[in-house]
Every structure is written in structure tokens, then in C-alpha cells.
Amino acid sequence: MIEFDVVVVGGGPAGLSAAIAAARNGLRTALFDENPVAGGALRYRLEPVSLPNGGTLPGPSAARALVDDALRHRVQIATGAVAWGAFSGFVVGVTGLDAHREIRAKRLILATGSTDLAAAFPGSDLPGVLTGSALLRLLHVHRVWPGGRRVAIVGAGDLAEEMAKAVHDAGGEVVARGAIETLAVSGNGVVERVNVDGVECPADVVAICAGRRPDISMALALEAQAGYSSAFGGFTVMRSESLETSVTGLYVCGSAGGIGSIASSLAEGTLAGLAATASLEKISDSTLQQEIDAFAGAFPDRVQQIEAIEPDWTQHLVESVTAGAGK
Amino acid sequence: MSERRISSHPLLGPLPDVGMVSLTVDGVEMSARPGEPVAVALLANGIRQFRTMPKSGNARGGFCFAGRCSDCQMIVDGVPNVMACVAAVRGGMRVETQHGVGVWAESTSEAAS
Amino acid sequence: MPVADENSMMLCRCYEVSKAAVDEAIENGAVTVNDVKRMTRAGMGLCQGIYCVPEISTLLHEATGAPLATIAPMTARPPARLITLGDLERFVPEP
């Protein structure tokens, strides 16, 4: 059995920031990321990122800088490590580690990120149709085109603009842009053409940029309360001003707490890490309050949206779990 | 084949050269960068269909490329249901298109005992 | 205008559940996402509903008039990712 003061699930901008904040205050901290290299969305989003230590770097370099910082502060980082569940106490189930041991955490920070919204349309299951972040990952992390370079970008989510630039920079061509409601894709076994708003043209790839939603399944499994927020992309975990959920000792930060920006993910990560630190009495409550106030000053809209989340259906969830228990 | 790989990029720079390894896909030998996801190696070699679905028989070619959906499950070294977008290429790997539901070959259980 | 049949569109990619099948489940009395899951298998696959539940919720909202805020997502239970029985076997908390 190995116990950490803080376990962080997810090694993107929020998770890395949370781990650094806890570790630099002396907490024994572990971070698990399911990918072979940590960095989360920073690995495939190329815009410049302003780091807390004052530097500005493109996403992938920012990721490396944050990982270096975390290691320097003795965060134990495991990549290729899939945290598949957490149980009260907190006991964390992780697969992909070299040694198998029970992992316990005094405080658990979920920085599990967000997932693309999918869409169903005629031909949506053809090879060549993929999510926006999938295409960015293929182009920027793996440096490969999925079958051809003519891309139709559909949907009006936050990745759509970025996608056009990414396609051009990688040597591709945006052949169509439009709404998913008017889209039909066809081809013989692969994407060959798209029909957008009644206009047909040849295409190889269809990138769905319909928006994103927070990834909160682990928090829900721990029975954290959540509510619907259209601003945040769907069901979102309720959090206090220190980013603690309704489950004591459980924090959520980054886009897992609601779709936002890389800047807000970095800031939330730091705040959640410091909140866990304060709860373990390694920093004072007044130090934490300063950080809470600074975050509210920097992201007032986001704080307002966090405060606006109300649980409308938690009771229903409890009922359905009870009903299903007898099966 | 090289047009599918992005060898230079205005922001990412040149793609570093690495010693390529060989793998077979449905019996055909092809080369790949060691450690890259199997699905990426297949795309680089012009293969766009990874599996067929049980109900419709329709081919799928990857949707999330993040180990979340079921589009890229293939048979790797005899083991079915392997997510090709996660599994890392090793030299000598044997990859096969998965048709429908993954089935364990009898020889796999013999090899395990 | 798209020519293909809108109702054949696949909502659940993992189990190939069409929009028509989900509409039918709703006509047959499904009011929650869990109901649709039990009646069609949508959401039971590898992705555990991450790609189909928002669309199913929208269809329920349109059919029943219930606000999206009251249409609970699927019951979430571990594991959050594909794991093997071996993984579970190794995960046995010490007494």
C-alpha cells in the first residue's frame, strides 16, 4: 500500500499545475496520466501559453516545461497510467503501472479534462470522420494525415477556427465549412465527398467541431453533486470557491470543471492544489483566500458560472442507483 | 507514402528521422516508426479501415484517436479488441483487421498456460 | 439536402444503435437516459455513453419537454476506462 498526500488524475495544464502547487509546499504528490507523454491538450494545441513563471511557450513546449517543473518539485509522475476508478477513502484504481500496489490519497484532485461532442449525420461512421481533437492530435502529435488532406470542418465549437489554421499549416485544404444539421457524408467505404448546405464537394476528412463537454464520470462515481450548465458544456460538478466538490477532500479543476480556456485550466489547477494544501495545513487559510480572490479577479465570468450550478437531478440519480441495485 | 506523414511544419519543425521497424498488417509487411500508435502507422501506410462492425459489417477507421471509442479495435499478436490508437508499434508486430466482435484464438490460451 | 435516411443515423457508435431505435424506445415509454440504455444497449459499449448520451438527452428533452438540467446522465460507475479482469484482480485493497 502506498499513500500520497495528494493524487492528481490527469496530466494536462490543470493537473500539472495542481501537482506543482501541492508538491512545492511539501506534499507527497502523485500524478497519473493515461497518455504516453503528459501534457493533455497542450500537446496538440499550438497557440502560445503564458506560464505562471512568466514564460510564453507554444503548447507542446509549455507541457514539457510544466512536467520539468513538476519533476523538480518531486511530483511522482506516471504516464501510460490509467486511473479507472476511485473509491471513498480515497483508494484509487490505476492500471498500466509497473508495480501493482494499492494507492491511497488523503486528497484527490480530478483534472480529467473534456471530451469532444460527437454528432450523428448520414455517413458519420465512415472512415475519415473524426472529432476535432482527434485531427489535431493526428496532425500535431503524430504528424500524419488520415487518408487525405481535403478537410470539411463542421460545427461551430471553439475548435473550429483553430482547426482551419491547423489544416493550412499542416499542408491541407479546408474544402467546406458548415453546420452539422445540413451535413451528409458519403463514399465507398471511406469519406469521399461531403454535402454541406446543399453544396457537394470531394473531401477526405470530416472534422467534427461541435464543442466539448466536461469529463466527470470519476467524480460522479464518487457521488459528487453535479448540475447542468450550458455555459460549461453540459453536466458539471458543483464546486466551492476553493474548487472542492460536495465530497470532502475531492477537488475538480480545469476543463473537467467546465469548458474554458487553457489559461483558466492552469489557474484552476494551481488553486485546487493550494486548496488541498491548505486543507492539510501546509499553508494558511489566508494564503488560500488570496489565491481564491486572485482567481475570481482574473476569471470573474467563470466564477459566476461555477456559482450558478445547481443540482437538479442528483436525487434522481440516487433513486436510479437504488433501483438498479436489486438486479 | 511520405505525403501522408507531415515531414515539415511551420510551427512544429521537421519530423525527426528514426530507425523504422517492420510490422505485418493482414500478412502484408510495412514499416513504421517504433512506439507510434498502431493506428497511426496504418494511416501512414494508406490503410484507412481498421475493423468492421458486428451488426452492419461497415468498416470503421478511427473516430476519437484517444482510446475512448470502439472504432480502432484490431487483433494485435493474436489478441483481439486492442485499441490501435493506443497500442505502440514494436518491430515484428502482427496486426489484423478485426471483423465484428473480437474472438480469442485457441492458440492464445495455449500460449498463456 | 441530405438524401440519406436520417433515421438510420447511428447515435451509439459502439453498439450501432440508430436514431430510429432511440425514437422507438422513447415512444415505448423511455423517459430517462438509463431507460434508453436498458432498452437499446446505447451507452453500454466501450465509450460508456460519452459520445451518445448528449444526443440521447436532447431527444428525450425534445420528446418529453423535460428541461435538459433534469435529464440525468447515465449512472456512472467504475471502471471509467477499459480494463482487464487481471487489473481488477490485482486491485484488491489490503485488509
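The shown structure was predicted, so the numbers you read here are calculated from the model rather than taken from an experiment. Here the residue numbers are simple positions, counted from 1 along each chain's written sequence. Think of it this way: whatever chain is written first is A, whatever ligand is written first is 1, and the rest follow in order. Only residues with pLDDT of at least 70 are given local features in this predicted model, and only at 80 or more are side-chain atom pairs given and counted; all residues enter the totals for whole chains, interfaces and linings.

### Re the packing of helix H1 (residues 13–23) of chain A against helix H2 (residues 59–72) of chain A
Residues and elements named next belong to chain A.
No. 1: Between H1 and H2, the shortest axis-to-axis distance is 9 Å and the interhelical angle comes to 25°. Viewed along their axes, H1 and H2 adopt a mutual orientation that is roughly parallel. Seen from above, H1 lies across H2 with left-handed handedness. Contact residues: H1 offers Leu16, Ala19, Ile20 and Ala23, while H2 offers Leu66, Val67, Asp69 and Ala70.
No. 2: Classifying every residue of the contact of H1 with H2 by side-chain character gives seven nonpolar, no polar and one charged. Each axis is a line fitted through C-alpha atoms, and for a helix only the stretch in contact is used; angles between axes span 0 to 180 degrees, taken between their N-to-C directions. Where helices and strands are cited, they refer to DSSP runs of H or I of at least four residues and of E of at least two residues respectively, numbered from the N terminus. Convention used here: angles under 35 degrees read as roughly parallel, angles over 145 as roughly antiparallel, angles from 65 to 115 as roughly perpendicular, and any remaining angle as oblique. Rotating anticlockwise by less than a right angle from the far helix to the near helix defines a left-handed crossing, while the corresponding clockwise rotation defines a right-handed one. Contacts are defined on C-beta atoms placed from the backbone: any two residues whose C-beta positions lie within 7 Å are in contact. Residues are sorted three ways: Asp, Glu, Lys and Arg are charged, Ala, Val, Leu, Ile, Met, Phe, Trp, Tyr, Cys and Pro are nonpolar, and all the rest, Gly among them, are polar.

### Looking at the confidence of the model for chain B
Should pLDDT be low for a region, the predicted coordinates there are not to be read in detail.
Residue and element names in this part refer to chain B.
No. 1: With 91% of its residues at a pLDDT of 70 or more, chain B shows a mean pLDDT of 91.
No. 2: Per-residue confidence from the predictor is given as pLDDT, running between 0 and 100. Across residues 108–113, where pLDDT falls below 50, the model places three contacts with residues more than four positions away in sequence or in other chains.
No. 3: Reported confidence for the predicted complex is 0.93 by ipTM and 0.93 by pTM.

### What about the interface of chain A and chain C?
No. 1: If you look at the interface, chain A gives 37 residues, while chain C gives 33 residues.
No. 2: The dominant element in the side of chain A that touches chain C, judged by the number of residues it contributes, is helix H9 (residues 314–324) of chain A, at five residues.

### Let's talk about the sheet that holds strand S14 (residues 193–196) of chain A
All names here are of chain A.
No. 1: Pairing between strands requires that DSSP locate at least two bridges from one strand to the other. Spatial strand order, S13-S14-S15: three strands in an open sheet with antiparallel pairing. Every other strand in the sheet has two partners, leaving strand S13 (183–186) and strand S15 (199–202) as the edge strands with one partner each. Strand-to-strand twist of the sheet, defined as the mean angle between neighbouring strand axes without regard to direction, takes the value 15°.
No. 2: For S13 and S14, the ladder comprises four bridges, and the chain directions are antiparallel. Paired with Ser186 across the bridge in S14 is Arg193.

### What about the sheet that holds strand S5 (residues 73–76) of chain B?
Residues and elements named next belong to chain B.
No. 1: Spatially, the five strands line up as an open sheet ordered S2-S1-S7-S5-S6, and their pairing is mixed. Across the chains shown, the open sheet's two edge strands, defined by having one partner strand only, are strand S2 (28–32) and strand S6 (79–83). If you compare each strand with its neighbour and ignore which way they point, the axes differ by 40° on average.
No. 2: Here five bridges tie strand S1 (residues 21–25) to S2, and the two strands are oriented antiparallel to one another. Residue pairing in the sheet places Leu23 in a bridge with Met30 of S2.

### A short note on the nonpolar core
No. 1: Formed by 164 residues in total, the largest nonpolar core has its most connected members in Ile109, Val206 and Cys253 of chain A.
No. 2: Beyond its immediate stretch of four places on either side in the chain, Ile109 of chain A contacts Val6, Val8, Ala18, Tyr251, Cys253, Ala272, Gly273 and Ala276 of chain A. Note on terminology: a nonpolar core is a set of buried residues of type Ala, Val, Leu, Ile, Met, Phe, Trp, Tyr or Cys, with members joined through C-beta atoms within 7 Å. Buried means a residue has 20 or more other C-beta atoms within 10 Å of its own C-beta, exposed means 12 or fewer, and partly exposed covers the counts in between; C-beta atoms are placed from the backbone.

### Quick word on the pairing of strand S18 (residues 226–229) of chain A
Residues and elements named next belong to chain A.
No. 1: Both S18 and strand S19 (residues 234–237) contribute to a ladder of four bridges, which runs antiparallel. Pairing of Gly227 across the sheet is with Thr236, part of S19.
No. 2: Linking S18 to S19, which pair antiparallel, is a turn of four residues; within it Gly233 sits at a positive phi near 95°.

### Remarks on the domain arrangement of chain A
All names here are of chain A.
No. 1: Domain parsing of chain A yields domain 1 (2–115 + 212–316) and domain 2 (118–208).
No. 2: Taken together, the contact pairs five residues of domain 1 with six residues of domain 2.
No. 3: Each residue belonging to the side of domain 1 that touches domain 2 can be placed in one class, and the counts come to two nonpolar, no polar and three charged. The domain boundaries here were taken from an automatic or database domain assignment.

### Comments concerning the interface of chain B and chain C
No. 1: On the chain C side, the residues contacting the seven residues of chain B number eight residues.
No. 2: Partitioned by chemical class, the residues of the side of chain B that touches chain C number three nonpolar, two polar and two charged.

### A word on helix H1 (residues 19–27) of chain C
Since the α-helix advances by 3.6 residues per turn, residues separated by three or four positions end up pointing in the same direction.
All names here are of chain C.
No. 1: Turning to H1, its buried residues are Ala21, Val22, Ala25 and Ile26. Each buried residue of H1 sits inside an arc of 140° when the element is viewed along its axis, so together they form one side.
No. 2: Next to the buried residues of H1 lie strand S1 (10–12), strand S2 (17–18), helix H2 (33–40) and helix H3 (53–64).
No. 3: Count one or two residues on from H1 and you reach Gly29, which has phi positive near 110°. An arc is given here, and it is the one of the directions from the helix axis to the C-beta atoms.

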